[in-house]
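So you can see what is in the structure, the chains are spelled out below.
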Amino acid sequence: MKRKTVICLMTSFESLNATFATLGNIYEFLSKKFKKIYIINSDNLRYFPIKKKIVLSKDVKNRSKRIILLNIKDKNEFDKFIFKKKVILINNFGKSFFDLKIHFLLKKKNIHQIRIGNVGNIQTSRKIFLKKFYFSLKYLFLNRFFIYITNFLSLVRLIDKIDINFTSNKNIINSLKKNRLKNFLFENNFFFSKKFVLINSKFYDELNINRNKIKKDYIVHLDYFLNYYHEKEIRGKITEKLLKIHHNNICEFLKCAQNKLKKKVIICIHPNYPINYFQKYYKDFKVVKFKTKEMIQRADFVSFFNSSAIISAILLNKKIVQLNTKLIDKNFEITNERYQKILGLNLTYLENFQCRNFSNLYKNSTINKNKIKSFVETLHCHDKRKSAEQRIFDTLKKVYSI
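Residues numbered from 1 in each chain as written. Predicted model: local features only at pLDDT ≥ 70, side-chain atom pairs only at ≥ 80, totals over all residues. Heavy atoms only, no water.

J.: Can you help me understand the sheet that holds strand β4 (residues 85-91) in this one?
T.: Strand order in the open sheet formed by seven strands is β3-β2-β1-β4-β5-β6-β7, and the pairing between neighbours is parallel. Two strands close off the open sheet at either side, each with one partner strand: β3 (67-70) and β7 (196-198). With direction set aside, neighbouring strand axes in the sheet form an average angle of 25°. Examined bridge by bridge, strand β1 (residues 4-11) and β4 share seven bridges and lie parallel to one another. Counted as the bridge partner of K4 is K85 from β4. Packing against the sheet, helix α18 (residues 388-399) makes contact with β1, β4, β5 (112-117), β6 (164-167) and β7, and its axis sits at approximately 165° to β6. (Pairing = 2+ DSSP bridges. Helix = DSSP H or I, 4+ residues; strand = E, 2+ residues; numbered from the N terminus. Axes fitted to C-alpha atoms, helices over the stretch in contact; angles between N-to-C directions. Contact = heavy atoms within 4.5 Å.)

J.: How should the state of the cysteines be read in this particular structure?
T.: As used in these notes, a disulfide is a covalent bond between sulfur atoms, one from each of two cysteines. Throughout the structure, instances matching the rule amount to one disulfide. Between the sulfur atoms of C256 and its disulfide partner C355 the distance amounts to 2.1 Å. Between C256 and C355, the S-S dihedral sits near 95°, and the bridge is therefore right-handed. Of this pair, C256 sits in helix α10 (residues 240-261) while C355 sits in the loop between β13 (346-349) and α16 (358-363); the two residues are 99 residues apart in sequence, bridging distant segments of the chain. Judged by relative accessible area, which is 3%, C256 ranks as buried. C355 gets classed as partly exposed once you look at its relative accessible area, which sits at 33%. (Disulfide = S-S within 2.5 Å. Buried < 20%, exposed > 50% of the residue type's maximum accessible area, 1.4 Å probe, protein only.)

Structure below.
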């Protein structure tokens, strides 16, 4: 009897709002092609399951009926779901100690795994500083150390590799071709991913759809939650006193921009961030969630710290300034420089900012066209005729004989 082919996304429901905001278009497209797509909660299947009440965003709640959420409780429930099915699973969990249990589970079921990484952002790794010894040691052991463990376990076939890794980063493909050692290791199946397929970034595909919505109505600031759990992994929690100083500095910058440009300030936050936190510090400005893409399209000027959402502003050639601060820690300072270093963005330390210099800052906040061209060709545009979702489906259809 021929098994029914189903496609699933396995991801943490804790981060489902952000996941859907990032790649929702792809999931909607695949749900049409496969008739359904199942989103499976990985939180209950890992070591030390996450037990949290999940508040779904409007986008997730208003999803197509073809997209089915499965809050699977345990291994037995997962077994019942996949019984007599040919499963293509989009792997959206990691290689930490906690995720290892999921890798072992999937190995037993002989499930085809793919990854979709077409955000097109600039990646940086976090530095380890002995000043925060306990947090650094914990992070190194539970996260970085287990990346190597997971890779090794895939080599000895105790867990499965990724069949197809869809990426918008052309540097990965080029390095496999140009570096002899990497090429040898890849060709002899030493990599965690067996195959890489180059696709457009989600930002590039969205840009082609929404060009008619571009305006210059607002000042948009992409803010950062300093006590987000990823940040606390290495440096611990930031004190309320320091938070007040930091956000006051941002307010002073934004009030200056508002007075100079005579335009309203909109503060956009990540789908996983608590909006009440930001409303407490930004009482004079409007704070919005799940509208970042729309606001950037209507922005005249965009400021940010460290956010992949800035890519929309870059591709739209908006006026941009990268903010930074020495108040928090060295990791925060380093990651805030990543787009500035590659694209030559104007960077301003909040502690040193003076309002009388804003006009000059604004004037010089346009990105060099040659740098944008290189950025687009490397991380975003690889096929002007075929979208990322169509390329993904065509590849799956060919590889898995759908």
